[in-house]
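# Understanding the architecture of this molecule
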Amino acid sequence: EKGDWETPWDDFVDNLSSAKDEKGKPLGAYAVFDMEFETLDGREQQKLVFVAYTPDSLPVKQRMLYGSTRESFKSELGSGIHYTVQASSIDDLDLDRIV
C-alpha cells in the first residue's frame with residue numbers, strides 16, 4: 001500500500017500495526033518511510049527508513065520467511081536506505097528510538 005507523502009510517523013506505525021488478514025490476525029510487512037527530522041544541532045535532515053515489521057504474534061513459519069527474505073528485498077530497493085529497523089512490536093517503532 002502506498003501512503004501519502006504527508007503521513008506522519010505515528011500514522012505510518014498505526015497502519016503497520018493495524019493491518020490484519022481476512023481472519024483478523026496481524027500481518028507482517030516491509031515498508032519504507034521518508035523521514036524528515038531536525039538534528040540536535042538544528043539541521044534539517046531527510047532519510048529513508050526501511051522497516052521490517054514482524055509482530056511476535058505471527059506464526060513461526062511467517063516470521064522465518066520475513067527474516068530470510070528481508071535483506072534480499074531491501075537490496076532490491078537500491079542504496080538509498082539510510083536506516084533499517086527490525087520491529088517485532090510497536091515499542092520497537094517508537095520515534096525516539098529511530099531518530
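Preceding this section is the structure that the text describes.
Residues numbered from 1 in each chain as written. Predicted model: local features only at pLDDT ≥ 70, side-chain atom pairs only at ≥ 80, totals over all residues. Heavy atoms only, no water.

## What to know about the nonpolar core
- The biggest cluster of nonpolar side chains holds 16 residues, and the ones touching the most others in it are Trp 9, Phe 12, Leu 16, Val 51 and Leu 93.
- For this core, the element with the most residues is strand S1 (residues 29-38), which contributes 5 residues.
- Excluding its chain neighbours within four sequence positions, the residues that come into contact with Leu 16 are Leu 27, Ala 29, Ala 31, Val 51, Tyr 53 and Leu 93. (Core = buried A, V, L, I, M, F, W, Y, C linked by side-chain atoms within 4.5 Å. Buried < 20%, exposed > 50% of the residue type's maximum accessible area, 1.4 Å probe, protein only. Helix = DSSP H or I, 4+ residues; strand = E, 2+ residues; numbered from the N terminus. Contact = heavy atoms within 4.5 Å.)

## A word on helix H1 (residues 9-18)
- Of all the positions in H1, only Trp 9, Phe 12, Val 13 and Leu 16 are classed as buried. One face of H1 carries all of its buried residues, which in axial projection span an arc of 95 degrees.
- Buried residues belonging to H1 abut S1, strand S2 (44-53) and helix H3 (95-98). (Arc of directions from axis to C-beta.)

Any functional reading would require information that these geometric values do not contain.
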